[in-house]
Amino acid sequence: MSLFSRFFRKAPPPSPAPEASPEPDTVRPEQSVPDRALMAAREEETLKAAIDGHDAQTVARLVVGGTSTKVRQLAAQAIEDPIQLRQLIKAVRGGNDKSVYKILARKRDVLLTQARELEQLQAEIGAVSTALERHSHRPYDPLFTPTLEQLQNRWKALAADADPEILQKVQHAIDRSREVIAQHIRQIEVEASRELAAANAAVEAQRLRDLEKEAAAIAAAERARILEADRKAQAERREAEALAFRQIGGWIRKAHGALHEGSTGRAAGLRRVIEEKLPGAPPLPPHLANQLQQLDAKLNELKDWKSFSVTPKRVELLEEMESLVGSTLDPATLAARIKSLREEWRTLSKGAGESLEADWQRFQEAAQKAYQPCHEYFEAQALVRQENLQRRRALLERLAAFEAQQNWEQPDWRTLITALRESKQEWRRHSPVDRAGGKALQERFDVLMASLQSRLDAEYARNVTEKKSLIERAQRLLASEDSRKAIDAVKELQQKWQAVGLVPRDADQQLWKEFRQHCDAAFEKRQQDFTDYTAGLEANRSKAVTLCEELEKIVVLSGPELLENAKQLPDLRVAFEAIGEFPRGGARELRARFERALERCDRAVAQQQARDAERSWTDLLDAADLVRAYRLAIARNADVAERDVLRRAAENYIAAVGGLPKGGLEAIKSELAREDGRDLTANETALRTLCIRAEILSDIPTPPEDQGLRRAYQVQRLIQNMGQGITADEAQLDTMVIEWIGVGPTEDATYTPLLERFKRCRQHRLTSGVRVQHDVRSAARR
């Protein structure tokens, strides 16, 4: 029942209704003007005292029975109770004092407006509080914050009129909504940090790829250099072998030429040169070995020959040496050629057994002049080696200082890796160096690099161990029953994996592959759990739909079948509540469908029960109609046969119908046995009065022909119940049926429409009663 209904429907009044009084503005002839003035003054004093003393009964009595219009109007203006206003308006409606009716009606309208405003305010408070409560359970979306602000602004305008319990409930809902916003902000921060970490990881990965490419290029260059050095070494070796073979072959040919020329000494000298070169030369090919054997044979044959000349050869060597002065050959080749000529000169001198000082001096001067560019070249090379040696020494000092300055409790491992790589590259660039000074530096460099590398290797080992530990923990998470906690733990392990220090690339790739395999397995397990959870929600939805369909089948039933099946409603309610969660998209619709079906079932059951109850009263009225016909025959002095037929019809119907309401059978039998009550006009008036009473109780308008009778009855009831109020107990309608039976006979033409009016009141009671029962059951369920 709404707030408006509670104020202005048939609730008992808090103050008594006014007593009967003379008709307003009716002056008894025996009263003189002074007497009326004195009475009006006394009534004004009485009214003032009643208003001051909050005597609502006296004020109401003066509204109806005051002798002067002024008193009645003042008394009407003093009425504040809405129930009393309603009663007084009914009492003065249709009277001569329209001003009092207008005052009461205006005050009633004001109270109605206030009640509606209060009801609207309470409805708005309920709507906003419910919206805030529902909003606090929603997940965050782009409209979450604006909606919360809008609801908060609406609530600020209503909070002053809300109950403390609602205030506390709304504050909790606002706090939960703010926590949802805070949780969303924290999630955004986590996502931002994760994206930043991913970006940093991508940058680091790109840097590592660049470093790998650079290292690969350096390694490729180093391999190419080594291959080129090997190729050059092999070419030089082959060239050296070919040169040695050419030299030996040349010396053999020269020795044969010397023998052919008769210069045995020169040939012998060349043979000694060949003998000196043989230990360091590769094995001679067969043709050179044969030529050497032939040379030895000829030398043995010509040992005694001493007469030969070396002068032409000396001249040849001298001229060649002088031709090298100012030569454009590169210094290394020039130096090698000068050295070769000097060796040939010494060999020739040994073989000749003679020495010409002038030719030697000339040859030596030419050699020194030709060697002058070589002096400058080799001095520059010495400076380069010395400079490279100094640079290596400086590099070694910087590397030693780097090791000493590092905080090995919290070292910068990436800087250490860069230092190791760049130091090796720079050390190789600073070459060649003098062998004597460079050897010691190389040993120190190797020791220092080994020390730094050992520290890096130890860090690698620690990080590999830590990552293996993370892999074991990820593997153990696969056995966890709570997939959500397992996924959170996996994400935490992934963050820790990113925080682990450096690991060698090959080992890092292998470890990462194994770690990622376990993480992927955990995510796949959670996906499977989510699939199972979704399937469970779908199964719950199917169960709920089945229960809704069962309720909807019950709704269309009627009669005993409806009442029998309605016994299942509590079990269906329990079964629905026990289902659990539903898919988020259709949960509200499913619950609303179930509640609608349940309410329809309750309404149908209430209507069926009311119809069953009303049927017994209808049977009682039908039996009363048969008794009335019998008694009407008695009143008309009909013949005995007709009366006997009507009596037997009534008795047979009473015996056949059964199940009459309590007191109904006794009333029917009592009425059947009566012989009085033959005043049909009085009986008609009594039935009309019962119809009017039923219409007042049911709040149904009375036909125009009985309006005067209704007003008279209302005034009479108002006077009789002054101070007690008119109660609107619906049970009175049942009592009125018993009264209806005992009224006595009336004519058919009069009785039938009156009976229809009376039944219409009962039908209205039936409809409103069913609605009230339905509201009560719905409130009980909530």
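Whatever comes next refers back to the structure up there.
These notes cover the structure that comes with them. (Residues numbered from 1 in each chain as written. Predicted model: local features only at pLDDT ≥ 70, side-chain atom pairs only at ≥ 80, totals over all residues. Heavy atoms only, no water.)

## Some remarks on the overall build of the protein chain
No. 1: On a plain count of helices and strands, the protein chain comes out with 26 helices and zero strands.
No. 2: Of all 782 residues assigned to the protein chain, the portion counted as buried reaches 34%.
No. 3: When the accessible surface of the protein chain is summed, it comes to about 46000 Å², and 53% of that surface belongs to carbon and sulfur atoms. (Helix = DSSP H or I, 4+ residues; strand = E, 2+ residues; numbered from the N terminus. Buried < 20%, exposed > 50% of the residue type's maximum accessible area, 1.4 Å probe, protein only. Areas by Shrake-Rupley, 256 points an atom, 1.4 Å probe, with all protein chains shown as cover.)

## What to know about the pattern of salt bridges
No. 1: Enumeration according to the criterion identifies 36 salt bridges in this entry.
No. 2: A salt bridge links Glu747 to Arg636, with the shortest nitrogen-to-oxygen separation between them at 2.2 Å. Note that Glu747 is positioned in the loop between α25 (731–741) and α26 (748–781) and Arg636 in the loop between α20 (587–635) and α21 (640–657), a separation of 111 residues in sequence.
No. 3: A salt bridge links Asp706 to Arg757; the nearest nitrogen and oxygen atoms lie 2.6 Å apart. Separated by 51 residues along the polypeptide, Asp706 in the loop between α23 (680–698) and α24 (707–720) and Arg757 in helix α26 bring together distant segments of the chain. (Salt bridge = Lys/Arg side-chain N within 4 Å of Asp/Glu carboxyl O.)

## Some points on the packing of aromatic side chains
No. 1: Under the definition given, this model contains ten aromatic pairs.
No. 2: Geometrically, the ring pair formed by Trp408 and Trp413 is tilted, given 6.3 Å between the ring centres and 50 degrees between the ring planes.
No. 3: Accessibility expressed as a relative area gives 13% for Trp413, which makes it buried.
No. 4: One aromatic cluster is present, built from ring pairs that chain together Trp497, Trp512 and Phe515.
No. 5: Above the plane of the ring of Trp408 lies Arg455, whose end atom (NZ or CZ) is 4.2 Å from the centre.
No. 6: Sitting over the ring of Tyr751, Arg628 keeps its end group 4.4 Å from the ring centre. (Phe/Tyr/Trp six-rings, centres within 6.5 Å; stacked < 30°, edge-to-face > 60°. Lys NZ or Arg CZ within 6 Å of the ring centre and 35° of its normal.)

## A closer look at helix α16 (residues 483–499)
No. 1: Counted at 1.5 Å a residue, the expected span for α16 with its 17 residues is 24 Å, and the 24 Å between its end C-alpha atoms agrees.
No. 2: Residues of α16 that are buried in the fold lie against α15 (435–477) and α17 (505–555). (Expected span 1.5 Å × (residues − 1). Contact = heavy atoms within 4.5 Å.)

All quantities given are derived from atomic positions and should not be read as evidence of function.
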